[in-house]
Amino acid sequence: MKISIINGTIVNSDEKFKANILIENGKIAKIGSEKFEADKVIDATNKLVMPGLIDMHVHFRDPGQEYKDDIISGSQAAVAGGVTTCLCMANTNPVNDNASITRAMIEKAKNCGLIDLLPIAAISKGLGGNEIVEMGDLIEAGAVAFSDDGLPVTSSSVMRAALEYSSMFNSFCISHSEDCSLCRQGVMHEGKVSAILGLRGMAREKEEIAVSRDMLLAKLTKAHIHIAHVSSEYSLKIIEMGKKEGINITCEATPHHFSFSDDEILKNAYDTNFKMSPPLREISDVKAVREALKSGLIDIIATDHAPHHTDEKIVEFDKAPFGIIGLQTLVPLTLKLVDEGVISLERMVELTSTNAAKMLNLKDKGRLAEGMLADIAVIDPEIEYVYDEKINRSKSINSPLFGKKLKGAATTTIKSGKIVYEFGK
């Protein structure tokens with residue numbers, strides 16, 4: 001089927017212009033000012049036409065905890081957020097530390113037919129932190145990177161070996177940067193707010209120490225280290241130093257870490273939907289993350305979509321699990337940065353699609369151009385709606401934005417030339 005997108009503003013990482021798009025055989029066939037004959041016409045007047053978003057950090061809980069989310073519901077939430085490619089973390093049950101699980105995850109996503117699922121395999125067997133996985137087998141099965149996310153790799157020797165071996169396969173490791181010896185059973189950021197609330201705090205140095213170590217190991221091995229969900233002002237200073245030194249280090253930030261501070265926990269009476277790892281930090285850290293998004297220091301925006309059942313979150317703050325869902329709030333929170341003048345629309349595309357495509361060597365993604373895969377998000381930056389059970393596609397509702405009015409959403413998502421989501425349908 002031929003699809004035409006008309007009257008929209010096409011946004012790439014380096015340009016923004018009005019044009020029409022013709023989609024044929026799963027690819028972008030033509031871009032131009034003329035009206036193309038098509039079986040389906042999408043009117044994108046006053047809307048943005050962007051490359052399908054690539055989320056480098058999600059948890060679909062499949063296999064093992066499908067009551068929270070699974071690959072099908074996770075895929076549905078993704079396309080409702082304009083996301084056409086997801087990288088799933090390995091902390092499933094059983095752990096994605098062998099080729100059979102990797103293949104099963106990819107096959108389930110293919111059968112669902114909504115997104116491209118690119119598994120991130122574990123660094124260590126069983127997430128035990130002692131013995132690295134068979135990286136060659138996992139790469140051959142379809143894994144694209146390695147991480148024990150949810151847990152740090154405590155042993156420097158194991159992390160060094162992981163960096164060396166992943167580099168041999170032209171891949172990379174993703175660091176969940178945390179020195180657990182400094183966690184001290186903490187449940188939020190250690191600071192004024194934790195003292196007021198009487199909750200155990202976690203010093204930001206637990207992240208900064210781990211970032212420093214893994215950056216130095218990348219320097220030693222000349223391998224690529226990617227820092228997940230960076231949240232600390234000083235972590236960013238360390239990463240900036242490493243980049244200036246020529247160390248192969250990249251990083252990502254989440255929408256919640258550039259949108260909220262730990263003050264929200266005080267304002268919202270211990271709302272466990274503000275409990276996440278790394279924790280929400282102080283206003284100075286939020287400002288630093290926003291500045292790093294603006295300057296180009298941060299490479300990627302990723303959601304760390306982490307569903308949990310309502311019963312698990314409606315408990316005392318210190319007993320609730322860490323994490324919130326984020327796939328369907330990625331667009332409104334990132335557009336808010338644009339509205340506030342922190343980033344441009346072009347930079348939004350770079351952060352949510354182009355840089356990830358480059359990092360993962362996905363040559364047919366991350367840009368709208370003739371011959372590229374027709375992974376496209378049509379976004380209405382002005383649409384206002386309540387993010388509720390009618391909108392939500394995840395099995396879980398653990399978001400501080402659930403029930404709130406949001407502005408900006410993907411109204412049509414196209415995957416490989418097929419319409420996979422339409423707002424309100």
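Refer to the structure above for everything that follows.
Rules and cut-offs
Residues numbered from 1 in each chain as written. Predicted model: local features only at pLDDT ≥ 70, side-chain atom pairs only at ≥ 80, totals over all residues. Heavy atoms only, no water. Axes fitted to C-alpha atoms, helices over the stretch in contact; angles between N-to-C directions. Helix = DSSP H or I, 4+ residues; strand = E, 2+ residues; numbered from the N terminus. Parallel < 35°, antiparallel > 145°, perpendicular 65-115°, else oblique. Left-handed = near helix turned anticlockwise from the far one by under 90°. Contact = heavy atoms within 4.5 Å. Nonpolar A, V, L, I, M, F, W, Y, C, P; charged D, E, K, R; others polar. Buried < 20%, exposed > 50% of the residue type's maximum accessible area, 1.4 Å probe, protein only. Pairing = 2+ DSSP bridges. Salt bridge = Lys/Arg side-chain N within 4 Å of Asp/Glu carboxyl O. Core = buried A, V, L, I, M, F, W, Y, C linked by side-chain atoms within 4.5 Å. Expected span 1.5 Å × (residues − 1). Bend = angle between axes of the 7 residues up to and from the residue.

1. Let's talk about the packing of helix α12 (residues 330-339) against helix α13 (residues 345-359)
A pair of packed helices is captured by two measures, namely the crossing angle of their axes and the spacing between those axes.
Item 1. Viewed as axis vectors pointing N to C, α12 and α13 meet at an angle of 140 degrees, and their least axial separation amounts to 9 Å. When the interaxial angle is binned, α12 and α13 end up oblique. Helix-helix and strand crossings are classified by hand; for α12 and α13 the assignment is right-handed. Every residue of α13 that contacts α12 at V331, T334, L335 and V338 is listed here: L345, M348 and T352.
Item 2. Across the contact of α12 with α13, the residue classes tally to five nonpolar, two polar and no charged.

2. Digging into the packing of helix α6 (residues 205-221) against helix α7 (residues 233-244)
Item 1. Interhelical geometry of α6 versus α7 gives an angle of 15 degrees and a closest axis separation of 9 Å. In terms of orientation, α6 lies roughly parallel with respect to α7. Here α6 and α7 pass one another in a crossing that is right-handed. Note on element contacts: α7 touches α6 through Y234, S235, I238, I239, M241 and G242, opposite E207, E208, V211, S212 and M215.
Item 2. Partitioned by chemical class, the residues of the contact of α6 with α7 number six nonpolar, three polar and two charged.

3. A short note on the pairing of strand β16 (residues 376-386)
Item 1. With eight of eleven residues buried, β16 is to be regarded as a mostly interior element.
Item 2. As paired strands, strand β5 (residues 48-51) and β16 are joined by four bridges and run antiparallel to one another. In the strand pairing of β16, L48 is matched with I379.
Item 3. Pairing between β16 and strand β17 (residues 405-415): eight bridges, direction antiparallel. Following the sheet pairing, Y385 is matched in β17 by L406.

4. Some remarks on the pattern of salt bridges
Item 1. According to the stated counting rule, one finds 25 salt bridges in the structure shown.
Item 2. Linking D62 and K108 is a salt bridge whose minimum nitrogen-to-oxygen distance equals 2.7 Å. Residue D62 is located in the loop between β6 (53-58) and α1 (71-80), and its partner K108 is located in helix α2 (residues 99-112); the two are separated by 46 residues in the primary sequence.
Item 3. Between E340 and R290 there is a salt bridge, and its shortest N-O distance comes to 2.5 Å. Residue E340 is located in the loop between α12 and α13, and its partner R290 is located in helix α10 (residues 283-295); the two are separated by 50 residues in the primary sequence.
Item 4. Among the ionic contacts, a cluster of salt bridges with common partners joins D116, K365, D375 and K415.

5. Some details on the nonpolar core
In globular proteins that are soluble, nonpolar side chains generally tend to be buried together.
Item 1. The biggest cluster of nonpolar side chains holds 100 residues, and the ones touching the most others in it are F60, L293 and I298.
Item 2. With residues up to four places along the chain from it excluded, the contact list for F60 reads D69, D70, I71, G74, S75, C86, C88, I115, L117, H305 and L327.

6. Side note on α13
Residues lying three or four places apart along an α-helix face the same way, a consequence of the helix completing one turn every 3.6 residues.
Item 1. With 15 residues, α13 extends 20 Å from end C-alpha to end C-alpha; this agrees with the ideal 21 Å at 1.5 Å per step.
Item 2. L351 marks the point of greatest bend in α13, at about 50 degrees.
Item 3. Across the 15 residues of α13, twelve count as buried, placing the element largely inside the fold.
Item 4. All buried positions along α13 are accounted for by L345, R347, M348, V349, L351, T352, S353, T354, N355, A356, A357 and M359.
Item 5. Of the residues flanking the end of α13, it is N361, one or two places downstream, whose phi is positive at about 60 degrees.

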